[in-house]
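Each chain, letter by letter, is given below.
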Amino acid sequence: MGLLDQLAGELLGGSGGASPVLQIAQQLLQSHEGGLADLLAQLNQGGLADQVKSWVGTGANLPVSADQLSTALGPAVIDKLAAALGMDAGTVTNQLAQGLPQLVDTLTPGGSVEGASDLLSQGLGSLFGR
């Protein structure tokens, strides 16, 4: 099973359509020039270093709350994502809180961020026909 199949299976929940988490992830990564590494650096700086370390690492993923993500990413990023996707800010942060730990974990199975953004961008581009 390829990375895209794995992401789709885990995050789409068998719904057959593009999940809000994948849509939000695509927009979020596009808003960070350095891709996943840049996003994770921002989350680290925003007080989520323990969570990020657990997501990238090989152990259990620590949870994150919508409020923590909102604070770490900042209102400008959240509002931009919400507007781009036609969602309210609360929905964006709730969806990210539910799916981002698993998404990062899936993209970094060996505990390394290197190359993960390229794989995700290619996979999401294929999924959304871009």
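Above this note sits the structure.
Residues numbered from 1 in each chain as written. Predicted model: local features only at pLDDT ≥ 70, side-chain atom pairs only at ≥ 80, totals over all residues. Heavy atoms only, no water.

1. Some words on the nonpolar core
Grouped together as the largest cluster of nonpolar side chains are 30 residues, with contacts concentrated most on Leu43, Leu69, Leu73, Val92, Leu96 and Leu100. Residue assignment for this core shows that the elements contributing at least two residues are helix 2 (20-30), helix 3 (35-56), helix 4 (66-73), helix 5 (75-85) and helix 6 (89-107). For this core, the leading source of residues is helix 3, giving 8 residues. The residues contacting leucine 73, other than those within four sequence positions of it, are Leu28, Leu39, Gln42, Leu43, Ile78 and Leu96. (Core = buried A, V, L, I, M, F, W, Y, C linked by side-chain atoms within 4.5 Å. Buried < 20%, exposed > 50% of the residue type's maximum accessible area, 1.4 Å probe, protein only. Helix = DSSP H or I, 4+ residues; strand = E, 2+ residues; numbered from the N terminus. Contact = heavy atoms within 4.5 Å.)

2. Structural notes on the environment of glutamine 95
Along the chain, glutamine 95 falls in helix 6. If we ignore the near neighbours within four places in the chain, the residues touching glutamine 95 are Pro20, Val21 and Ile24.

3. Examining the packing of helix 4 against helix 6
Here helix 4 crosses helix 6 at 105°, and the two axes come no closer than 8 Å. Classified by the angle their axes make, helix 4 and helix 6 are roughly perpendicular. In contact with Ala66, Leu69, Ser70 and Leu73 of helix 4, helix 6 contributes Thr93, Asn94, Leu96, Ala97 and Leu100. Among the residues forming the contact of helix 4 with helix 6, the class breakdown is 6 nonpolar, 3 polar and no charged. (Axes fitted to C-alpha atoms, helices over the stretch in contact; angles between N-to-C directions. Parallel < 35°, antiparallel > 145°, perpendicular 65-115°, else oblique. Nonpolar A, V, L, I, M, F, W, Y, C, P; charged D, E, K, R; others polar.)

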